Amino acid sequence: MTYDLNDKVVLITGAAGGIGAATARQLYALGANLVLTDMQQSAVDKLAQEFSPSRVLPVALDVTDAAATKAIIQTTIQRFGRLDVAFANAGISWRSGASTIASCDEAEFEKIVEVDLFGVWRTIRAALPEIIRNQGQVLVTSSAYAFLNGLANAPYAASKAAVEMLTRSLRAELAHTGATATVVYPGWTATAIAKVAFGGNATVTKMNEVGLPGWLRRAIPPEQVALALVKGVQDRRPRIYAPWRWVPFSLFRGIFGVLTDVVLSRHKEMHALIQQLEAESQR
Ligand SMILES: NC(=O)c1ccc[n+]([C@@H]2O[C@H](COP(=O)([O-])OP(=O)(O)OC[C@H]3O[C@@H](n4cnc5c(N)ncnc54)[C@H](O)[C@@H]3O)[C@@H](O)[C@H]2O)c1
(Lines give C-alpha, C1' and ligand atoms only; values in the text may rest on other atoms or scores of the structure.)
Protein backbone atom coordinates (compact mmCIF):
# COMPACT_ATOMS: atom_id res chain seq x y z
CA MET A 1 0.00 0.00 0.00
CA THR A 2 1.31 3.44 -0.91
CA TYR A 3 2.17 5.76 1.97
CA ASP A 4 0.21 8.90 1.16
CA LEU A 5 2.29 12.03 1.77
CA ASN A 6 -0.69 14.36 1.52
CA ASP A 7 -1.04 16.31 4.79
CA LYS A 8 1.88 14.45 6.40
CA VAL A 9 4.39 16.50 8.37
CA VAL A 10 7.99 16.06 7.24
CA LEU A 11 11.06 17.45 9.01
CA ILE A 12 14.23 17.83 6.92
CA THR A 13 17.70 18.59 8.28
CA GLY A 14 20.16 20.22 5.88
CA ALA A 15 17.05 21.37 4.00
CA ALA A 16 18.74 24.34 2.33
CA GLY A 17 21.29 22.13 0.59
CA GLY A 18 20.97 20.57 -2.85
CA ILE A 19 19.31 17.27 -1.96
CA GLY A 20 17.32 18.69 0.98
CA ALA A 21 15.78 21.53 -1.05
CA ALA A 22 15.02 19.34 -4.09
CA THR A 23 13.30 16.81 -1.82
CA ALA A 24 11.36 19.54 -0.01
CA ARG A 25 9.94 20.75 -3.34
CA GLN A 26 8.81 17.28 -4.38
CA LEU A 27 7.30 16.46 -0.98
CA TYR A 28 5.45 19.77 -1.01
CA ALA A 29 4.03 19.01 -4.46
CA LEU A 30 2.60 15.80 -3.00
CA GLY A 31 0.82 17.70 -0.24
CA ALA A 32 3.26 17.37 2.67
CA ASN A 33 3.73 20.08 5.30
CA LEU A 34 7.39 20.89 5.78
CA VAL A 35 9.65 21.71 8.70
CA LEU A 36 12.76 23.03 6.97
CA THR A 37 15.87 23.14 9.13
CA ASP A 38 19.47 24.08 8.38
CA MET A 39 22.36 26.01 9.92
CA GLN A 40 21.26 29.48 8.80
CA GLN A 41 17.78 30.87 9.38
CA SER A 42 18.15 33.03 6.27
CA ALA A 43 18.78 29.95 4.09
CA VAL A 44 15.62 28.12 5.22
CA ASP A 45 13.59 31.35 5.08
CA LYS A 46 14.64 31.74 1.45
CA LEU A 47 13.56 28.20 0.59
CA ALA A 48 10.30 28.61 2.51
CA GLN A 49 9.36 31.57 0.30
CA GLU A 50 8.66 29.04 -2.46
CA PHE A 51 5.82 27.53 -0.41
CA SER A 52 2.56 28.59 1.19
CA PRO A 53 3.31 29.94 4.71
CA SER A 54 0.52 27.75 6.13
CA ARG A 55 2.37 24.58 5.09
CA VAL A 56 5.96 25.40 6.00
CA LEU A 57 7.99 26.09 9.13
CA PRO A 58 11.57 27.26 8.52
CA VAL A 59 13.81 26.96 11.60
CA ALA A 60 17.57 27.23 12.13
CA LEU A 61 19.01 24.01 13.53
CA ASP A 62 22.55 22.79 14.02
CA VAL A 63 22.26 19.01 14.36
CA THR A 64 25.28 18.93 16.66
CA ASP A 65 23.07 20.63 19.28
CA ALA A 66 21.09 17.85 21.01
CA ALA A 67 18.85 20.19 23.05
CA ALA A 68 17.97 22.29 20.00
CA THR A 69 17.18 19.16 17.99
CA LYS A 70 14.75 17.97 20.68
CA ALA A 71 13.22 21.46 20.89
CA ILE A 72 12.50 21.47 17.13
CA ILE A 73 10.33 18.37 17.54
CA GLN A 74 8.28 20.19 20.17
CA THR A 75 8.04 23.26 17.93
CA THR A 76 6.86 21.02 15.10
CA ILE A 77 4.13 19.50 17.27
CA GLN A 78 3.04 22.96 18.46
CA ARG A 79 2.79 24.16 14.88
CA PHE A 80 1.42 21.13 12.99
CA GLY A 81 0.18 18.85 15.81
CA ARG A 82 2.35 15.92 14.72
CA LEU A 83 5.47 14.68 12.93
CA ASP A 84 5.24 11.81 10.44
CA VAL A 85 8.57 11.70 8.62
CA ALA A 86 12.03 12.72 9.82
CA PHE A 87 14.64 13.10 7.09
CA ALA A 88 18.12 13.14 8.69
CA ASN A 89 19.98 14.59 5.76
CA ALA A 90 22.43 17.24 7.04
CA GLY A 91 26.00 16.41 6.16
CA ILE A 92 29.49 17.83 5.72
CA SER A 93 32.84 16.71 4.42
CA TRP A 94 36.25 18.41 4.55
CA ARG A 95 35.96 22.19 4.69
CA SER A 96 38.32 22.53 1.74
CA GLY A 97 40.27 20.01 -0.27
CA ALA A 98 40.70 16.64 1.37
CA SER A 99 43.06 14.94 3.78
CA THR A 100 44.21 11.53 4.85
CA ILE A 101 43.85 10.04 8.33
CA ALA A 102 47.54 10.73 8.96
CA SER A 103 47.55 14.34 7.74
CA CYS A 104 44.10 15.76 8.57
CA ASP A 105 43.28 18.24 11.27
CA GLU A 106 42.08 16.19 14.28
CA ALA A 107 39.31 18.60 15.21
CA GLU A 108 38.02 18.61 11.64
CA PHE A 109 37.91 14.81 11.52
CA GLU A 110 35.84 14.75 14.71
CA LYS A 111 33.55 17.55 13.52
CA ILE A 112 32.65 15.54 10.41
CA VAL A 113 31.74 12.52 12.53
CA GLU A 114 29.87 14.82 14.92
CA VAL A 115 27.59 16.09 12.13
CA ASP A 116 27.39 13.03 9.85
CA LEU A 117 26.97 10.36 12.52
CA PHE A 118 25.97 11.93 15.83
CA GLY A 119 23.82 14.58 14.12
CA VAL A 120 21.84 11.77 12.49
CA TRP A 121 21.58 9.88 15.79
CA ARG A 122 20.31 13.00 17.57
CA THR A 123 17.73 13.69 14.88
CA ILE A 124 16.47 10.11 14.96
CA ARG A 125 16.36 9.92 18.74
CA ALA A 126 14.48 13.20 19.11
CA ALA A 127 11.95 12.35 16.38
CA LEU A 128 11.28 8.72 17.29
CA PRO A 129 8.43 9.08 19.80
CA GLU A 130 6.39 10.98 17.19
CA ILE A 131 7.44 8.70 14.33
CA ILE A 132 6.33 5.65 16.32
CA ARG A 133 3.11 7.30 17.49
CA ASN A 134 2.17 8.09 13.88
CA GLN A 135 3.56 4.90 12.30
CA GLY A 136 5.74 7.18 10.25
CA GLN A 137 9.21 6.95 8.71
CA VAL A 138 12.79 7.87 9.42
CA LEU A 139 14.91 8.58 6.33
CA VAL A 140 18.66 8.79 6.62
CA THR A 141 21.01 10.06 3.93
CA SER A 142 23.90 7.65 3.82
CA SER A 143 25.96 7.48 0.60
CA ALA A 144 27.62 5.12 -1.87
CA TYR A 145 30.53 5.71 0.54
CA ALA A 146 28.80 3.23 2.87
CA PHE A 147 30.23 0.50 0.63
CA LEU A 148 33.04 2.27 -1.29
CA ASN A 149 36.58 2.59 0.04
CA GLY A 150 36.74 5.97 1.80
CA LEU A 151 40.34 6.92 1.04
CA ALA A 152 40.91 10.66 1.40
CA ASN A 153 37.39 10.94 2.81
CA ALA A 154 37.63 8.64 5.83
CA PRO A 155 35.56 10.48 8.49
CA TYR A 156 32.78 10.99 5.95
CA ALA A 157 32.82 7.40 4.66
CA ALA A 158 33.06 5.96 8.18
CA SER A 159 30.05 8.04 9.23
CA LYS A 160 28.03 7.06 6.16
CA ALA A 161 28.73 3.37 6.80
CA ALA A 162 27.76 3.89 10.44
CA VAL A 163 24.46 5.63 9.68
CA GLU A 164 23.61 2.86 7.23
CA MET A 165 23.88 0.32 10.05
CA LEU A 166 22.11 2.64 12.49
CA THR A 167 19.17 2.84 10.09
CA ARG A 168 19.09 -0.88 9.30
CA SER A 169 19.09 -1.60 13.03
CA LEU A 170 16.34 0.93 13.57
CA ARG A 171 14.18 -0.55 10.83
CA ALA A 172 14.38 -3.98 12.47
CA GLU A 173 13.68 -2.50 15.91
CA LEU A 174 10.66 -0.59 14.59
CA ALA A 175 9.15 -3.52 12.66
CA HIS A 176 6.69 -4.37 15.45
CA THR A 177 5.49 -0.76 15.77
CA GLY A 178 4.24 -0.06 12.25
CA ALA A 179 6.83 2.72 11.88
CA THR A 180 9.86 2.23 9.65
CA ALA A 181 13.28 3.49 8.60
CA THR A 182 14.99 3.82 5.23
CA VAL A 183 18.60 4.24 4.10
CA VAL A 184 19.14 6.63 1.20
CA TYR A 185 22.25 6.03 -0.93
CA PRO A 186 22.97 8.93 -3.29
CA GLY A 187 25.89 8.50 -5.67
CA TRP A 188 27.76 11.58 -6.89
CA THR A 189 25.24 14.41 -6.94
CA ALA A 190 25.85 17.92 -8.26
CA THR A 191 25.64 19.88 -4.98
CA ALA A 192 28.00 22.01 -2.88
CA ILE A 193 29.40 19.08 -0.89
CA ALA A 194 30.60 17.25 -4.04
CA LYS A 195 32.27 20.22 -5.73
CA VAL A 196 35.67 19.27 -4.38
CA ALA A 197 35.74 16.13 -6.55
CA PHE A 198 34.50 17.95 -9.67
CA GLY A 199 37.14 20.62 -10.17
CA GLY A 200 37.00 22.20 -6.68
CA ASN A 201 40.33 20.60 -5.79
CA ALA A 202 42.66 19.43 -8.57
CA THR A 203 44.18 16.50 -6.66
CA VAL A 204 40.84 15.16 -5.43
CA THR A 205 39.35 15.57 -8.91
CA LYS A 206 42.25 13.59 -10.34
CA MET A 207 41.79 10.86 -7.70
CA ASN A 208 38.15 10.63 -8.64
CA GLU A 209 39.08 10.28 -12.32
CA VAL A 210 41.78 7.71 -11.65
CA GLY A 211 39.71 5.69 -9.18
CA LEU A 212 36.35 5.48 -10.93
CA PRO A 213 35.28 4.85 -14.55
CA GLY A 214 33.48 7.79 -16.21
CA TRP A 215 30.03 6.20 -16.08
CA LEU A 216 30.25 5.77 -12.28
CA ARG A 217 31.68 9.22 -11.71
CA ARG A 218 28.96 11.13 -13.57
CA ALA A 219 27.13 13.39 -11.11
CA ILE A 220 23.34 13.40 -11.18
CA PRO A 221 21.14 16.41 -10.37
CA PRO A 222 19.73 16.54 -6.82
CA GLU A 223 16.21 16.39 -8.31
CA GLN A 224 16.96 12.81 -9.41
CA VAL A 225 17.84 11.84 -5.83
CA ALA A 226 14.68 13.60 -4.62
CA LEU A 227 12.50 11.72 -7.11
CA ALA A 228 13.90 8.33 -6.06
CA LEU A 229 13.55 9.35 -2.44
CA VAL A 230 9.93 10.36 -2.66
CA LYS A 231 9.02 7.15 -4.51
CA GLY A 232 10.92 5.14 -1.89
CA VAL A 233 9.06 6.86 0.94
CA GLN A 234 5.72 6.16 -0.72
CA ASP A 235 6.68 2.46 -0.96
CA ARG A 236 8.33 2.44 2.50
CA ARG A 237 11.37 0.78 0.96
CA PRO A 238 14.30 -0.29 3.14
CA ARG A 239 16.85 1.17 0.70
CA ILE A 240 16.72 3.98 -1.84
CA TYR A 241 19.50 4.26 -4.45
CA ALA A 242 20.05 7.15 -6.83
CA PRO A 243 21.24 6.47 -9.43
CA TRP A 244 20.56 2.76 -9.87
CA ARG A 245 24.04 2.09 -11.22
CA TRP A 246 25.26 1.78 -7.61
CA VAL A 247 22.93 -1.10 -6.76
CA PRO A 248 25.24 -3.97 -7.88
CA PHE A 249 28.13 -2.44 -5.93
CA SER A 250 26.00 -2.39 -2.82
CA LEU A 251 24.60 -5.89 -3.31
CA PHE A 252 28.00 -7.43 -4.11
CA ARG A 253 29.94 -5.24 -1.73
CA GLY A 254 31.81 -8.16 -0.13
CA ILE A 255 33.56 -9.18 -3.35
CA PHE A 256 33.77 -5.64 -4.69
CA GLY A 257 35.32 -4.39 -1.44
CA VAL A 258 38.01 -7.08 -1.40
CA LEU A 259 38.93 -6.43 -5.04
CA THR A 260 39.00 -2.65 -4.54
CA ASP A 261 41.28 -2.94 -1.52
CA VAL A 262 43.72 -5.12 -3.51
CA VAL A 263 43.73 -2.73 -6.47
CA LEU A 264 44.22 0.30 -4.21
CA SER A 265 47.13 -1.34 -2.41
CA ARG A 266 48.97 -1.67 -5.77
CA HIS A 267 47.82 1.45 -7.59
CA LYS A 268 51.00 3.52 -8.02
CA GLU A 269 49.25 6.55 -9.49
CA MET A 270 46.80 6.63 -6.57
CA HIS A 271 49.70 6.30 -4.09
CA ALA A 272 51.37 9.32 -5.69
CA LEU A 273 48.12 11.32 -5.49
CA ILE A 274 47.72 10.45 -1.80
CA GLN A 275 51.27 11.69 -1.16
CA GLN A 276 50.50 14.86 -3.10
CA LEU A 277 47.35 15.41 -1.02
CA GLU A 278 49.34 14.99 2.18
CA ALA A 279 51.98 17.44 1.01
CA GLU A 280 49.24 19.95 0.14
CA SER A 281 47.49 19.63 3.51
CA GLN A 282 50.78 20.33 5.31
CA ARG A 283 51.29 23.61 3.43
N1 LIG B 1 26.29 15.38 -3.19
C2 LIG B 1 26.71 14.15 -3.17
O3 LIG B 1 27.46 13.69 -4.06
C4 LIG B 1 26.24 13.23 -2.07
C5 LIG B 1 26.43 11.85 -2.25
C6 LIG B 1 26.03 11.00 -1.23
C7 LIG B 1 25.47 11.50 -0.08
N8 LIG B 1 25.31 12.84 0.07
C9 LIG B 1 24.71 13.31 1.32
O10 LIG B 1 23.52 14.01 1.04
C11 LIG B 1 23.22 14.88 2.13
C12 LIG B 1 22.85 16.24 1.58
O13 LIG B 1 24.00 16.79 0.97
P14 LIG B 1 23.94 17.65 -0.38
O15 LIG B 1 24.53 16.83 -1.45
O16 LIG B 1 22.61 18.24 -0.54
O17 LIG B 1 25.03 18.76 -0.02
P18 LIG B 1 24.85 20.26 0.44
O19 LIG B 1 26.18 20.69 0.91
O20 LIG B 1 24.19 21.03 -0.63
O21 LIG B 1 23.82 20.16 1.67
C22 LIG B 1 24.20 19.82 2.98
C23 LIG B 1 23.40 20.71 3.92
O24 LIG B 1 23.67 20.30 5.27
C25 LIG B 1 23.75 21.49 6.04
N26 LIG B 1 24.51 21.28 7.27
C27 LIG B 1 25.86 21.14 7.40
N28 LIG B 1 26.17 21.01 8.70
C29 LIG B 1 25.03 21.07 9.39
C30 LIG B 1 24.70 21.01 10.76
N31 LIG B 1 25.67 20.87 11.70
N32 LIG B 1 23.41 21.10 11.14
C33 LIG B 1 22.44 21.25 10.21
N34 LIG B 1 22.67 21.32 8.89
C35 LIG B 1 23.95 21.24 8.49
C36 LIG B 1 24.43 22.50 5.12
O37 LIG B 1 24.22 23.84 5.57
C38 LIG B 1 23.80 22.18 3.78
O39 LIG B 1 22.65 22.97 3.53
C40 LIG B 1 24.46 14.89 3.02
O41 LIG B 1 24.27 14.04 4.13
C42 LIG B 1 25.54 14.32 2.10
O43 LIG B 1 26.56 13.71 2.83
C44 LIG B 1 25.67 13.71 -0.90
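Just so we're clear, the structure is a prediction, and the values are computed from it rather than from any experiment.

Visitor: Hey, could you run me through the packing of helix α3 (residues 66-80) against helix α4 (residues 106-133) in this one?
Guide: When two helices pack together, their arrangement is given by the angle between the helix axes and the distance between those axes. The N-to-C vectors of α3 and α4 enclose an angle of 30°; their axes lie 9 Å apart at closest approach. The orientation of α3 relative to α4 falls into the category roughly parallel. Seen along the crossing, α3 lies across α4 with a hand that is right-handed. On α4, the residues touching Ala66, Thr69, Lys70, Ile73 and Ile77 of α3 are Arg122, Thr123, Ala126, Ala127 and Glu130. Looking at the contact of α3 with α4 residue by residue, the classes come out as five nonpolar, two polar and three charged.

Visitor: When you look at the pairing of strand β1 (residues 9-12) in this model, what are you seeing that I'm missing?
Guide: Working note: regular strand, side chains alternate between the two faces of the sheet. Here β1 shows two buried faces, one formed by Val9 and Leu11 and the other by Val10 and Ile12. Summarising the sheet, β1 and strand β2 (residues 33-38) pair through four bridges and their orientation is parallel. Looking across to β2, one finds that valine 9 is bridged to asparagine 33. Handedness of the β1-helix α1 (residues 18-29)-β2 crossover: right-handed. With three bridges connecting them, β1 and strand β4 (residues 85-88) associate as parallel partners. Among the inter-strand pairings, leucine 11 is bridged to a residue of β4, identified as alanine 86.

Visitor: Sorry, what's going on with the site of the ligand here?
Guide: Residues in close proximity to the ligand total 28 residues, the closest being Asp38, Asn89, Tyr156, Thr189 and Thr191. Taking valine 63, its main chain carries an N or O atom lying 2.9 Å from a nitrogen atom of the ligand. At the level of secondary structure, the elements contributing two or more residues to the shell around the ligand comprise α1 and α5 (154-174). For the shell around the ligand, a count of residues per class yields 14 nonpolar, 11 polar and three charged.

Visitor: Just checking my understanding: could you explain the side chain of glutamine 137 for this structure?
Guide: With respect to the helices and strands, glutamine 137 occurs in strand β5 (residues 137-141). One polar contact links the side chain of glutamine 137 to the main-chain carbonyl oxygen of valine 233, over a distance of 2.8 Å. Residues within four places of glutamine 137 in sequence aside, it is in contact with Tyr3, Asp84, Val85, Ala86, Ile131, Thr180, Thr182, Val233 and Arg236.

Visitor: Explanation requested: the sheet that holds β2 in the structure shown.
Guide: In spatial order, the strands read β3-β2-β1-β4-β5-β6-β7; together these seven strands make up an open sheet with parallel pairing. Since the sheet does not close on itself, it has two edges, and those belong to β3 (56-60) and β7 (239-242), each with one partner. Pairs of neighbouring strands in the sheet enclose a mean axial angle of 15°, with direction left out of account. α5 contacts β5 and β6 (180-186) of the sheet and is inclined by roughly 155° relative to β6.

Visitor: Can you walk me through the pattern of salt bridges in this structure?
Guide: Pairs can form between side chains of opposite charge once their charged atoms are near each other. A full pass over the atoms with the stated rule returns seven salt bridges. Measuring nitrogen to oxygen at the nearest pair gives 2.6 Å for the salt bridge that ties arginine 25 to glutamate 50. Separated by 25 residues along the polypeptide, arginine 25 in helix α1 and glutamate 50 in the loop between α2 (41-48) and β3 bring together distant segments of the chain. According to the relative accessible area criterion, arginine 25 is partly exposed, its value standing at 34%. Aspartate 235 is the partner of arginine 237 in a salt bridge, and the nearest nitrogen-oxygen pair spans 2.8 Å. Given a relative accessible area of 42%, aspartate 235 falls into the partly exposed group.

Rules and cut-offs
Residues numbered from 1 in each chain as written. Predicted model: local features only at pLDDT ≥ 70, side-chain atom pairs only at ≥ 80, totals over all residues. Heavy atoms only, no water. Axes fitted to C-alpha atoms, helices over the stretch in contact; angles between N-to-C directions. Helix = DSSP H or I, 4+ residues; strand = E, 2+ residues; numbered from the N terminus. Parallel < 35°, antiparallel > 145°, perpendicular 65-115°, else oblique. Left-handed = near helix turned anticlockwise from the far one by under 90°. Contact = heavy atoms within 4.5 Å. Nonpolar A, V, L, I, M, F, W, Y, C, P; charged D, E, K, R; others polar. Buried < 20%, exposed > 50% of the residue type's maximum accessible area, 1.4 Å probe, protein only. Pairing = 2+ DSSP bridges. Right-handed = clockwise from strand over helix to strand, strands pointing away. Near = heavy atom within 4 Å. Polar contact = N/O pair within 3.5 Å; in protein donor to acceptor, adjacent residues only side chain to side chain. Salt bridge = Lys/Arg side-chain N within 4 Å of Asp/Glu carboxyl O.

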